[in-house]
Amino acid sequence: VEVDKITNEPQEFTFSKLQVDGWYTSEPKFTAWISKDKNGNIFALSPVCKHLGCTVAWNNNASYPNEYFCPCHGAHYTKEGKQLSVASAPLDEYKIKIENGYVYLGGLQPNTIV
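Residues numbered from 1 in each chain as written. Predicted model: local features only at pLDDT ≥ 70, side-chain atom pairs only at ≥ 80, totals over all residues. Heavy atoms only, no water.

Undergrad: How would you summarise the sheet that holds strand E5 (residues 42-45) if you had to cite specific residues and measurements?
TA: The pairing of strands in a sheet happens through backbone hydrogen bonds and is either parallel or antiparallel. One open sheet accounts for five strands, arranged E1-E4-E5-E10-E11; its pairing is antiparallel. Every other strand in the sheet has two partners, leaving strand E1 (11-16) and strand E11 (102-109) as the edge strands with one partner each. Pairwise comparison of adjacent strand axes, ignoring direction, gives a mean angle of 35 degrees for this sheet. The pairing of E1 with strand E4 (residues 29-36) spans six bridges and is antiparallel. Residue Gln11 lies in a different strand from E4, and its bridge partner there is Ile34. (Pairing = 2+ DSSP bridges. Helix = DSSP H or I, 4+ residues; strand = E, 2+ residues; numbered from the N terminus. Axes fitted to C-alpha atoms, helices over the stretch in contact; angles between N-to-C directions.)

Structural data, given as structure tokens:
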């Protein structure tokens, strides 16, 4: 995605990745929540809840405004992906690279956002 499309408000982006398993080639779809932190640095979070692997969404529950919320078991997280309730770990973070005005996502890593 273009850097200038990234805001302080998390946005959901879908991307695909070329995957080769033996003789089978596919391009599965993945999702990332991308936004800027309080210092203006871009970060990308995995939508996979660390409680039981369901999918979280941003600001989708009126009881937990401006948080990621998991509809499966009620886990919720801060904008930076830090766990607030139910889950025992923060949301994973994608490695990112910014080049020529675009944000590129790499593999997942433990959350390091301060």
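Undergrad: Help me get a handle on the sheet that holds strand E8 (residues 76-77), residues and values and all.
TA: The antiparallel open sheet is built from four strands, whose spatial order is E6-E7-E8-E9. Only two strands of the sheet have a single neighbouring strand rather than two, namely strand E6 (57-58) and strand E9 (83-85). Pairing geometry for strand E7 (residues 68-69) and E8, over two bridges, is antiparallel. When the sheet's bridge partners are listed, Phe69 is paired in E8 with His76.

Undergrad: Can you lay out unusual backbone geometry for me, pointing to particular residues and giving the numbers?
TA: Of note in this structure, Asn59 is not a glycine but carries a positive phi near 55 degrees. Within the fold, Asn59 resides in the loop between E6 and E7. With relative accessibility at 37%, the residue Asn59 sits in the partly exposed group. Even without glycine at this site, Asn66 takes up a positive phi of about 55 degrees. In this structure, Asn66 sits in the loop between E6 and E7. In this structure Asn66 comes out as partly exposed when scored by relative accessible area, which is 46%. (Buried < 20%, exposed > 50% of the residue type's maximum accessible area, 1.4 Å probe, protein only.)

Undergrad: Please set out the state of the cysteines residue by residue, giving values where relevant.
TA: Here the structure, examined in full by the defined rule, presents one disulfide. The disulfide partner of Cys54 is Cys72, and the gap between their sulfur atoms is 2.2 Å. Taking the sign of the S-S torsion, -110 degrees for the link of Cys54 and Cys72, the bridge is left-handed. In this pair, Cys54 is assigned in the loop between E5 and E6 and Cys72 in the loop between E7 and E8, connecting sequence segments 18 residues apart. On the accessibility criterion, Cys72 (38% relative accessible area) is partly exposed. A disulfide-free cysteine, Cys49 has its sulfur positioned 3.9 Å from the sulfur of Cys70, the nearest such atom. (Disulfide = S-S within 2.5 Å.)

Undergrad: Explain the environment of Leu18 residue by residue, including any values.
TA: Looking at the element boundaries, Leu18 is found in the loop between E1 and strand E2 (19-21). Of the residues examined, Leu18 reaches a relative accessible area of 56% and is grouped as exposed. Measuring from C-alpha to C-alpha, the distance between Leu18 and His51 comes to 28 Å, with 33 residues separating the pair along the chain. In contact with Leu18, not counting residues within four places along its chain, are Thr25, Ser26 and Glu27. (Contact = heavy atoms within 4.5 Å.)

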